[in-house]
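# Geometric and topological summary
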Amino acid sequence: MIVGAGIVGCALSDELTARGWTDVTVLEQGPLFATGGSSSHAPGLVFQTNASKTMTEFAAYTVRKYSELTLDGQWCFRQVGGLEVATTPERLAELNRRHGLATSWGVTAALLDPDQCATRHPLLDRDRVLGGLYVPTDGLAKAVRAGEAQARRAIERGARFLPHHTVTGFESSGGRITAVVTDRGDFRADVVVSCAGFWGPKIGRMAGLTVPLVPLAHQYARTTPVPDLAGHNTDELEASKPILRHQDRDLYYREHGDRIGIGSYAHRPMPVDIDDVAPPPTAPTAPMPSVLPFTEEDFARSWADSRQLLPALARAEVEEGFNGIFSFTADGFPLLGESPELRGFWVAEAVWVTHSAGVAKAMAEWLVEGAPRTDVHECDLNRFEPVQLTPAYVHRRSCQNFVEVYDIIHPLQPMAEPRPLRVSPFHARQRELGAFFLEATGWERPHWYEANGELPEVAAVPGRGSWASRYWSPIAGAEAIATRERVAMYDMTALKRLEVTGPGSLALLQYLTTNQLDKPVGSVTYTLMLDGTGGVRSDLTVARLGRERFQVGANGALDLDWITRHLPEDGTVQVRDTTAGTCCIGVWGPLARDLVQPLTDADFSHRGFGYFKAKQAALGDVPVTAMRLSYVGELGWELYTTADCGPRLWDTLWAAGQRLGVVAAGRSAFNSLRLEKGYRSWGTDLTAEHNPYEAGLGFAVRMEKGDFVGRHALLGLSEQTVSRRLACLLLDDPRAVVMGREPVHLDGAPAGYVTSAAYGYTIGASIAYAWLPRAAAEPGTRVTVGYFGEHLPATVTEEPLFDPKMTRLRC
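Heads up: these notes are all about the structure in this document. Keep in mind that what you see is a predicted model, and the values were worked out from it rather than measured.

### Some points on the packing of aromatic side chains
- A full pass over the atoms with the stated rule returns 30 aromatic pairs.
- Seen from their ring centres, Tyr631 and Tyr679 are 5.6 Å apart, and the 10 degrees between their planes marks the pair as stacked. Here Tyr631 is found in the loop between strand 34 (622–627) and strand 35 (636–642), whereas its partner Tyr679 is found in the loop between helix 18 (667–676) and helix 19 (711–714), with 48 residues between them in sequence.
- Given the relative accessible area of 26%, Tyr631 is considered partly exposed.
- Assessed through its relative accessible area of 19%, Tyr679 is described here as buried.
- The lysine or arginine in question, Arg78, covers the ring of Trp75, its NZ or CZ lying 5.9 Å from the ring centre.

### Quick word on the nonpolar core
- In terms of nonpolar packing, the biggest core is built from 68 residues, with Leu12, Tyr66, Val193, Leu336 and Met363 touching the most fellow members.
- In terms of residues, this core owes the most to one element, helix 9 (residues 356–369), which gives eight residues.
- Excluding residues that lie within four positions of it along the chain, Val193 makes contacts with Met1, Ile2, Val3, Leu12, Trp346, Val347, Ala348, Met363 and Leu367.

### Points about helix 18
- Summarising burial for helix 18: nine of the 10 residues are buried, a large majority.
- Next to the buried residues of helix 18 lie strand 25 (443–449), helix 13 (474–485), strand 26 (488–491), strand 32 (582–588), strand 39 (749–760) and strand 40 (765–773).
- The first or second residue beyond helix 18 is Gly678, which carries a positive phi of 80 degrees.

### Description of the sheet that holds strand 26
- Taken together, six strands build an open sheet; the order of strands is 33-34-35-32-26-36 and the sheet is mixed. Here the strands that pair on one side only, and so sit at the sheet edges, are strand 33 (614–619) and strand 36 (663–665). Between one strand axis and the next, the sheet turns through 30 degrees on average, direction left out of account.
- Here strand 34 pairs with strand 35 via three bridges, running antiparallel. Note on strand 35: the bridge partner recorded for Thr625 is Tyr640.

### Description of the pattern of salt bridges
- As enumerated under the stated definition, the model contains 55 salt bridges in all.
- With its nearest N and O atoms 3.5 Å apart, the salt bridge here joins Asp125 to Arg128.
- As a salt-bridge pair, Glu385 and Arg422 come within 3.8 Å of each other at their nearest N and O atoms. Taken together, the positions of Glu385 in the loop between helix 9 and helix 10 (391–403) and Arg422 in the loop between helix 10 and helix 11 (427–432) put the pair 37 residues apart, joining distant regions of the chain.
- The buried category is assigned to Arg422, whose relative accessible area is 12%.

### Re the side chain of Gln430
- Tracing the chain through its elements places Gln430 in helix 11.
- On the accessibility criterion, Gln430 (0% relative accessible area) is buried.
- Excluding residues within four positions of it along the chain, Gln430 makes contact with Ser424, Ala435, Phe437, Pro446, Tyr449, Asp491 and Trp650.

### A look at helix 8 (residues 296–309)
- With 14 residues, helix 8 should cover 20 Å at 1.5 Å per step; its first-to-last C-alpha distance of 20 Å lies within 8% of that length.
- Within helix 8, the axis deviates most sharply at Ser302, by approximately 25 degrees.
- Of the residues making up helix 8, those classed as buried are Asp298, Phe299, Ser302, Trp303, Asp305, Ser306 and Leu309.
- Buried residues in helix 8 make contact with strand 7 (82–86), strand 16 (213–223), strand 17 (243–246), strand 18 (251–256), strand 19 (259–264) and strand 21 (318–329).

Rules of the game
Residues numbered from 1 in each chain as written. Predicted model: local features only at pLDDT ≥ 70, side-chain atom pairs only at ≥ 80, totals over all residues. Heavy atoms only, no water. Phe/Tyr/Trp six-rings, centres within 6.5 Å; stacked < 30°, edge-to-face > 60°. Helix = DSSP H or I, 4+ residues; strand = E, 2+ residues; numbered from the N terminus. Buried < 20%, exposed > 50% of the residue type's maximum accessible area, 1.4 Å probe, protein only. Lys NZ or Arg CZ within 6 Å of the ring centre and 35° of its normal. Core = buried A, V, L, I, M, F, W, Y, C linked by side-chain atoms within 4.5 Å. Contact = heavy atoms within 4.5 Å. Pairing = 2+ DSSP bridges. Axes fitted to C-alpha atoms, helices over the stretch in contact; angles between N-to-C directions. Salt bridge = Lys/Arg side-chain N within 4 Å of Asp/Glu carboxyl O. Expected span 1.5 Å × (residues − 1). Bend = angle between axes of the 7 residues up to and from the residue.

And the structure:
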């Protein structure tokens, strides 16, 4: 059962039936196919380029699919091209960066000078434009038409569409969906997908699920006839010029015959209460509940800005407009996946026309094959922490995403509110040291400390370009050097910790992970979780603290969701998120043992406390679980205790470390050190799109240990058989620090893209990790990295760059 016959529901019905799932029913509360939702009024502009690889792939598939669709001889998508123009130097630089993103993700694009922009779109004021980014395959989608075309194909394969059926509830048994209840009867179903758009939260509530999106009104206007367009377009084709973005003023444009359509994000956020939305229309020609009255006062500035960019509008007026409702989320991504509480209830919400076919394809693969072929971790419904699901949080962040939809956003730039939300027990101490905080999953995380600004190493840290200098300080370099030379304390509290217990805990973790976990109590193991296709869902650190008790160091909420979904029904395993009630300090550096050993009676010698081992101990007055691990490549320990003892643990270590020159160090130094050591970051360097051998993590796979999720998919694979590799690059210019997602060129042609990057303060070079074809990933290969229009020379290098024999870790 699919709830909603908008563009997403129609696309999903087509994708499912094409894969053999023909017993599909689509329920729609309104008429078919102008249902009254966002699809019914969407202006249909499809710009493919996005900072997210996943979102770009969704859009690119939408373009390919809809370009091949027709409905009764009428087009569903026209590739008129997409043009983004810059009227400020900052935007021009951003378009250079976006050109790099397009290249990284395989979208053909070109940078244009002002004359070329005016040639492509003659209505532009050439003197106001500094340049543009042109994507020839962008274009216009007719959402209602494309929806119906896909629905007809699904119906031919056996699907049925039922209009005027309002969902009023769901039935379930044993935690699984069994039926959909409507005002016209009940429908048995074992799989239900809510594609209800901005009505999604209302449908979700009926299933006991929080669907964290906010409906927001967005202005769209049409002009009176523009004389300069007379005779250029037909009613059938509608447009001949590229769709246009004027992001410096939060505006976009498309032609409607001899008129111009103008969309604006320049106004105040206008959240809409779903309960205040009018009921669905009784007929396609009836007023649509997603279309609200136009507020002219909010459009005044946008109209003035439009007349400046397009002088031909001086001879036109705003003829009509409306405030159309669209869905926004707290992080700008869609909501895809299965409910954690009600099995068989899925959602595909907050999906715009731009990404609709791509999302439908991924959802169909997920349902039919067990996993989407495109990485969807950014979009997974279950990605949020509980504090990110409160109504106030969802509302504020979603409204902020509306405000920033066309802003130039730095990769490290955090949301402004609500902050601070989650703080570690060390937060007060960190503020005293002048911590500069950035935010992730609600946690305040220090990136450097102003108190270290007086360290002599600061002067030796080289500068970097303006983009890479944002949310960075040379102090971070001094902290990295201090870690290598002395000892540093890192707050690791934000990393998710799960406690897995019970007589079936070992068997479950063995089945869910790739490495051998059947080891003595006190062992710690680095391992991977795969999906059924062999893709890396996550990497974990698993400590066996008791015969039936494990502490799992995870990457986030999706890991908890995955483990929970696989819990045996006999109750022999329990999993509990302990993150909020505990805290962790990483003590790392060549003097780490000199700091920790005098504080405890426990043996912290190499012989008494080996690498990848764990033990209970007391540091001063504080009981800790100590694990000899290091993500920065230095001797040291992760020290865990309960949150109430956190300040005491910090003070104990801090006081004892003064004689050793201890520093508090932040995430910026941490990232540099881990790249020098070649340690991967899941979600950045690798995702479920990559298998362990491609990612250089084959050492964490033990095929001989028995069955585990994804094992069958790895049969026959090895590092010698892969077609691509995650490779380490060193840039020729040590001052050239890139940020990630930049394209990598081999012999002048795009060959891959950067994942993580940082300056290596120990090795004195700029590091970038990148996905490349296997042949290009060989050490010594010369490549270039595209960065704001430049081509930075680099060389593929052997890894790890620092301490390849592991002597500093095993001492």
